[in-house]
Amino acid sequence: MWGGLYAAGPAAIMEEINASIDFDQKLWRQDIRGSLAHVAMLAAVGVVSKADAKSIAQGLQAVGKEIESGQFTFSRALEDIHMNVESRLAELIGPAAGRLHTARSRNDQVALDTRLWVRDTIDQLIAQIRELQGALAEKALAYADAIMPGFTHLQSAQPTTFGHHLLAYVEMLGRDASRLVDARKRMNECPLGAAALAGTSFPIDRAMTAKALGFDRPTANSLDSVGDRDFALEALAAASICAMHLSRFAEEIVIWTTAQFGFVRLSDQFSTGSSIMPQKRNPDAAELVRGKIGRIIGALNGLLIVMKGLPLTYGKDMQEDKEGLFDALSTLSLCLAAMTGMTRDMEPQLDRMRDAAGAGYATATDLADWLVRTLNLPFRDAHHVTGRIVALASKRGVGLEELSLADMQAVDQRITKDVFGVLGVEKSVRSRTSYGGTAPANVRRQAQRWLKALAKTKG
């Protein structure tokens, strides 16, 4: 590989630390795709003969078939996916294979391969996010009026609906998908032709290779082309935010499936038992999603640390971009699939959720709002009156709707019997008709809007 400069091969420990083929073999499809575009361009501009280009292209396709069928033997002595492919190409077609590397370097080659892999993976992740959104929106539509408690500080706050709660995650995931779309758009420039760092003296056509590989344009600066990995960082950042959202949802599933909450039930498909306690039904899929998120966020931090001190352009440190990147985006894909499965699988326990929604004086805000609307009290005064009524109900161990009119009038004599029209949880939920509010009619409209929008993305 190193020509005539080095008389001896590397030490065993050097080979161990230097080789990347154990993980960058994942890039084989992208490597062959990039090489096919490169040799076609070289032939078009007359740098390589058409006969050699045809032989190289046929050889690359043969190498690809060998890898796909599992017949290819990867060699650590050849370091990386680029040299493994090129070495096998030489075995298949002879000296013409040596012309493939004209006007390029492994620096722009790996920048291209990694960018292609990230782009392909982003497309897959966006499709998976849309699938999860669809599952959530379908369940939200089915349970638009299923009452449950809404929480702040994990304390009962106001009644909401299960459908409205699920739609919150649909919105979060929509932003997650848009971040990945933005990242893909920004990274869709082709680094091939930057060569080692300064471009090349050969009369190459970078616009041709960019178009052939589906990029919007070639990168504009050869140093930047090989010397940065911000496209990978941006993908990892978007993935980390998405992963955080999945972890929050997974945590809620873990809480909801406890005996203390009992809000949802997961089937045997997404639960496991205990080796010692026969009664246990553990939400292990949700717990594993929650746990795996650390790997994704860790990969982002790891690559930031690798890149933060590197002068331009390429340093071998940048070989450390791949393992974390590959693992993180593959892990996110698995977590999205698991959360989609659990969303479709979980069965809400409607009576349990409804009973919990009425606990903790969750309609106190409705009472305060009624005092403002009907008695024209300033909200702070209404808040104070409501607090005194809640204290009275708590002392007696009853709900607000169980107090008598006389009890309430003892706190404020202006209160009328009409107040009981806002104290039930169903009435509370139906009253939240402001845009984005939890009223079942709102939830149905939002769920239907999302399902319609998601159907268009599939088309």
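Here the structure is a predicted model, which means the values were calculated and not measured.

Participant: So what exactly am I meant to see when it comes to the overall build of the protein here?
Facilitator: When its secondary structure is counted, the protein shows 18 helices and six strands. The C-alpha radius of gyration computed for the protein amounts to 30 Å, which surpasses the reference 23 Å derived for 459 residues by more than 25%, pointing to a less compact arrangement than a globule. Across its three principal axes, the protein shows a C-alpha extent of roughly 100 × 55 × 40 Å. Within the span of the protein, comprising 459 residues, buried residues form 48% of the whole. Taking the contacts inside the protein whose residues are at least 6 apart along the sequence as the reference set, 76% of them involve residues at least 24 apart. Of the accessible surface of the protein, which amounts to about 22,000 Å², a share of 53% is contributed by carbon and sulfur atoms. Of the side chains in the protein, 53 bear a positive and 52 a negative charge, and the two mean positions are spaced by 5 Å.

Participant: Can you walk me through the nonpolar core in this structure?
Facilitator: It is characteristic of soluble globular proteins that their nonpolar side chains tend to be buried jointly. Counting 92 residues, the largest nonpolar core has F162, L246, F249, V289, L332, M339 and M342 as its most contacted members. Among the elements that take part in this core, helix 10 (residues 230-256) stands out by supplying 16 residues, more than any other. In this view, F249 contacts L136, L166, Y169, W256, M339, T343 and M346; residues no more than four positions away in its chain are not counted. Core analysis: the next-biggest nonpolar cluster, separate from the first, contains 20 residues, L371, M408, V419 and V422 among them.

Participant: Would you explain a nonpolar patch on the surface in this entry?
Facilitator: On the surface, I13, M14 and I17 cluster together into a nonpolar patch covering about 350 Å² of accessible area. Inspection of the secondary structure puts I13 in helix 1 (residues 12-18).

Participant: What is the right way to look at the environment of G341 in this model?
Facilitator: Among the secondary structure elements, G341 is positioned in helix 12 (residues 322-345). With relative accessibility at 18%, the residue G341 sits in the buried group. C-alpha separation for the pair G341 and F270, spaced 71 residues apart in sequence, amounts to 8.0 Å.

Participant: Even after reading the chapter, I still don't get unusual backbone geometry, so can you show me in this structure?
Facilitator: Look at the link from L312 to T313: it is a cis peptide, with omega at 5°. With respect to the helices and strands, T313 occurs in the loop between helix 11 (284-307) and helix 12. One non-glycine residue, L154, lies in the positive phi region at around 60°. We note that N376 has phi near 60°; this positive angle belongs to a residue other than glycine. With respect to the helices, strands and loops of the structure, N376 is situated in the loop between helix 14 (364-375) and helix 15 (379-396).

Participant: I would appreciate a short explanation of the side chain of Q446 in the present structure.
Facilitator: Its location among the elements puts Q446 in helix 18 (residues 440-458). With relative accessibility at 17%, the residue Q446 sits in the buried group. In this view, Q446 contacts L167, E171 and Y435; residues no more than four positions away in its chain are not counted.

Participant: Hey, could you run me through the packing of aromatic side chains in this one?
Facilitator: For any pair of aromatic rings, the description rests on two quantities: the centre-to-centre distance and the angle between the ring planes. Within the structure shown, the criterion is met by eight aromatic pairs. Ring centres 6.5 Å apart and planes at 75° place the aromatic pair F249 and W256 in the edge-to-face group. Accessibility assignment for this pair places F249 and W256 in one class, buried. Joined through ring pairs, the aromatic side chains of Y143, F162, Y169, F249 and W256 make up one cluster. Positioned above the aromatic ring of F215 is the side chain of R119, whose terminal nitrogen or guanidinium carbon lies 4.5 Å from the ring centre.

Participant: I tried to follow the pairing of strand 2 (residues 155-161) on my own but got confused; where do I start?
Facilitator: Remember that side chains alternate between the two faces of the sheet whenever the strand is regular. Bridge count between strand 1 (residues 147-152) and strand 2: six bridges; the pairing is antiparallel. In the strand pairing of strand 2, I147 is matched with T161.

Participant: Quick question: what am I supposed to make of the side chain of N188 here?
Facilitator: If you trace the backbone, N188 turns up in the loop between helix 7 (162-187) and strand 3 (189-190). What makes N188 buried here is its relative accessible area of 4%. Within polar-contact distance, the side chain of N188 engages the side chain of R119 at 2.9 Å. Each residue touching N188, except ones within four places of it in the same chain, is listed here: R119, G214, F215, D216 and R217.

Participant: For this particular structure, what's the right way to read the packing of helix 3 (residues 28-44) against helix 5 (residues 81-93)?
Facilitator: Helix-helix packing is characterised by the crossing angle of the two axes and by the distance between the axes. At a closest axis distance of 10 Å, the pairing of helix 3 and helix 5 adopts a crossing angle of 60°. Between helix 3 and helix 5, the crossing angle belongs to the class labelled oblique. In terms of crossing hand, the pair formed by helix 3 and helix 5 is right-handed. Here W28, D31 and I32 of helix 3 lie close against helix 5, whose contacting residues are I81, H82 and V85. A class-by-class count of the residues in the contact of helix 3 with helix 5 yields four nonpolar, one polar and one charged.

Participant: Whenever I open this one, the pattern of salt bridges confuses me. Can you help?
Facilitator: Note that side chains of opposite charge can pair when their charged atoms are close. As enumerated under the stated definition, the model contains 26 salt bridges in all. Of the charged contacts in the structure, one is a salt bridge between R432 and D366, with a shortest N-O distance of 2.8 Å. With a gap of 66 residues between them, R432 in the loop between helix 17 (425-431) and helix 18 and D366 in helix 14 connect regions that are remote in the sequence. Here D366 falls in the buried class, since its relative accessible area comes to 4%.

Participant: What should I look at first to understand helix 12 in this one?
Facilitator: Since the α-helix turns once every 3.6 residues, residues separated by three or four places project in the same direction. Taking 1.5 Å as the rise per residue, helix 12 with 24 residues should run 34 Å; its terminal C-alpha atoms sit 34 Å apart, in good agreement. For helix 12, the tally of buried residues reaches 17 of 24 residues, placing the bulk of the element in the interior.

Cut-offs used in this document
Residues numbered from 1 in each chain as written. Predicted model: local features only at pLDDT ≥ 70, side-chain atom pairs only at ≥ 80, totals over all residues. Heavy atoms only, no water. Helix = DSSP H or I, 4+ residues; strand = E, 2+ residues; numbered from the N terminus. Rg over C-alpha atoms; globule rule 2.2 N^0.38 Å. Buried < 20%, exposed > 50% of the residue type's maximum accessible area, 1.4 Å probe, protein only. Contact = heavy atoms within 4.5 Å. Areas by Shrake-Rupley, 256 points an atom, 1.4 Å probe, with all protein chains shown as cover. Lys, Arg positive; Asp, Glu negative; His and termini not counted. Charge placed at Lys NZ, Arg CZ, Asp CG, Glu CD. Core = buried A, V, L, I, M, F, W, Y, C linked by side-chain atoms within 4.5 Å. Patch = residues over 30% accessible without salt bridge, like charges linked within 9 Å, V, L, I, M, F, W, Y side chains within 5 Å. Salt bridge = Lys/Arg side-chain N within 4 Å of Asp/Glu carboxyl O. Phe/Tyr/Trp six-rings, centres within 6.5 Å; stacked < 30°, edge-to-face > 60°. Lys NZ or Arg CZ within 6 Å of the ring centre and 35° of its normal. Pairing = 2+ DSSP bridges. Polar contact = N/O pair within 3.5 Å; in protein donor to acceptor, adjacent residues only side chain to side chain. Axes fitted to C-alpha atoms, helices over the stretch in contact; angles between N-to-C directions. Parallel < 35°, antiparallel > 145°, perpendicular 65-115°, else oblique. Left-handed = near helix turned anticlockwise from the far one by under 90°. Nonpolar A, V, L, I, M, F, W, Y, C, P; charged D, E, K, R; others polar. Expected span 1.5 Å × (residues − 1).

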